[in-house]
Amino acid sequence: MAPVTNIADLRDIARRRIPRAMFEYAQRGSYDERTLAANYAELDALRLRQRVMVDVSKRNVATTFLGQDVTIPVGIAPTGLTGLFHADGEILGARAAQAFGVPFTLSTMSICSIEDVAGAVDKPFWFQLYVMRDRAFTQSLVERARAAGCPVLVLTLDLAAHGQRHRDIKNGLSVPPRLTLANALDIATKPGWALNVLRGQRRSFGNLQGWMPAGKNLNAMAQWVAQQFDPSLSWKDVAWIRSLWPGKLVLKGILDPEDARIAADHGADAIVVSNHGGRQLDSAPASISVLPEIASAVGSRTEILLDGGIRTGQDVLKALALGARGCLIGRSWLYGLAAGGQGGVTQVLEILRKELDTSMALAGLTDVRSVTPAALHTPRRV
Ligand SMILES: Cc1cc2nc3c(=O)[nH]c(=O)nc-3n(C[C@H](O)[C@H](O)[C@H](O)COP(=O)(O)O)c2cc1C
């Protein structure tokens, strides 16, 4: 088999290893996938500036996120249902991130619970919160994250309603549940996944046990959980969470400079410029295209992370050039996990590190902490 040289190779292995419904749950976006496509297209359209005859023998790709040392300016984004890509997927992701020296963010909608992950790693991880209609339960999640030693709470703001993903419905992944003949035949061709995941211990929403009604199948539970998301959420709820959480607070899902300013006013230690990986408002702009405006709106009041479409080290460099302190990766890490478990996630991080490091050398840059718009061939002035 040809060697794996980039994240696209891991994606292709993942496609062969896991059921189509799971692969498409990760890969696809909402509605006509215009925003999903724009995330990639806008990153691709940016050009890096090649510089020569600069001494780049000493290079640094390490930085800090929220005062925490990171070996590369990349963190793992929260993703739901991850333990269905690989048994104990969240634990494996957290272990890979810990060993590599980057943050891992556990989703509210994870399969492994906060306590499962805390018991499996020595270093703290970040927890992503969805504020549910049931505020007492929401508060209990915050308290559990605190008890587990999470230093950072990532509050996701862009899920006032669920963007529809056509493929999930057609694949029977979404509600109402539909086990089609095609699904069953497809799973029969993925025996490795079936043995690994279907025989694993954890197959339901780990954080929601005891709160969700018992005895429903995964799809019915997903439907019930979807009804618990609260469209009445407002900045008042952000203020409430801020008052509950003594640690660092990250607000994820900011795509507008005005919202970025309000987020900073509400005490956000960092924001994530994000359109949820093109899974929510279709036709929203690519995250990279709004980054410069947001960076100039908030200045140094809050740290800025970006996600959406990051699949190479060159992408990371482009985001740094336009004002991000670093990036989060969603699909990229899931592909590594599905392709090769913990080792696959490590491989993703290693590929990004090498690509970033080499690209910096070729662009005449020596430190990720001082990349400016001048790193781009046509700097976008804001
Ligand atoms: C399969 C999948 C599940 C996701 N689940 C969550 C989630 O539970 N919470 C959340 O805040 N974001 C979730 N996201 C969004 C990611 O955190 C991130 O914003 C997005 O994946 C970044 O884009 P990228 O996949 O192109 O890197 C999910 C994304 C994917 C692909």
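The rules behind each value
Residues numbered from 1 in each chain as written. Predicted model: local features only at pLDDT ≥ 70, side-chain atom pairs only at ≥ 80, totals over all residues. Heavy atoms only, no water. UniProt positions renumbered as here; feature names shortened; annotations may be inferred. Helix = DSSP H or I, 4+ residues; strand = E, 2+ residues; numbered from the N terminus. Lys, Arg positive; Asp, Glu negative; His and termini not counted. Charge placed at Lys NZ, Arg CZ, Asp CG, Glu CD. Buried < 20%, exposed > 50% of the residue type's maximum accessible area, 1.4 Å probe, protein only. Contact = heavy atoms within 4.5 Å. Near = heavy atom within 4 Å. Polar contact = N/O pair within 3.5 Å; in protein donor to acceptor, adjacent residues only side chain to side chain. Areas by Shrake-Rupley, 256 points an atom, 1.4 Å probe, with all protein chains shown as cover. Nonpolar A, V, L, I, M, F, W, Y, C, P; charged D, E, K, R; others polar.

The name given to the protein chain in an unreviewed UniProt entry is L-lactate dehydrogenase, with the source organism recorded as Azorhizobium caulinodans. Annotation of the protein chain in UniProt includes, under Cofactor (unreviewed entry), the sentence "FMN". Check the Sequence similarities (unreviewed entry) section of the UniProt entry for the protein chain; it says "Belongs to the FMN-dependent alpha-hydroxy acid dehydrogenase family."

Asks: I'm lost on the overall build of the protein chain in this one. Help?
Replies: For the protein chain, the helix and strand inventory stands at 15 helices and 10 strands. A principal-axis box enclosing the C-alpha atoms of the protein chain has dimensions of 65 × 55 × 40 Å. Side chains of the protein chain carry 43 positive and 35 negative charges; the gap between the two charge centres is 4 Å.

Asks: Explanation requested: the environment of valine 52 in the structure shown.
Replies: Within the secondary structure layout, valine 52 lies in the loop between helix H3 (34-45) and strand E1 (63-65). Separated by 309 residues in the primary sequence, valine 52 and alanine 361 have C-alpha atoms spaced 9.0 Å apart.

Asks: Help me understand the UniProt feature "binding site: glyoxylate" (unreviewed entry) in the protein chain, please; the structure alone is not making it clear to me.
Replies: UniProt records the feature "binding site: glyoxylate" (unreviewed entry) at Tyr25, Arg165, His276 and Arg279, using the numbering of this structure. Across 255 residues, the annotated set stays spatially compact, with a maximum C-alpha separation of 13.3 Å. Within the element layout of this structure, tyrosine 25 appears in helix H2 (residues 20-27). Exposure remark for tyrosine 25: the relative accessible area of 12% places this residue in the buried category. Among residues more than four places away in sequence, those in contact with tyrosine 25 are Gly80, Leu81, Phe85, Arg165, Asp168, Leu173 and Arg279. Turning to its location among the elements, arginine 165 is positioned in the loop between strand E6 (152-156) and helix H7 (166-170). Those residues within four positions of arginine 165 in sequence are excluded, and the remaining contacts are Tyr25, Arg28, Gly29, Ser30 and Arg279.

Asks: How should the site of the ligand be read in this particular structure?
Replies: Around the ligand, 22 residues are found, and the nearest of them are Pro78, Ser107, Thr156, Asp307 and Gly309. In the model, an oxygen atom of the ligand is placed 3.4 Å from a nitrogen or oxygen of the serine 274 side chain. Arginine 331 has a polar side-chain atom sitting 2.9 Å from an oxygen atom of the ligand. Computed on the free molecule, the ligand has an accessible area of 600 Å², of which 98% lies beneath the protein chains in the complex. Of the residues contributing to the shell around the ligand, the split by class is seven nonpolar, 11 polar and four charged.

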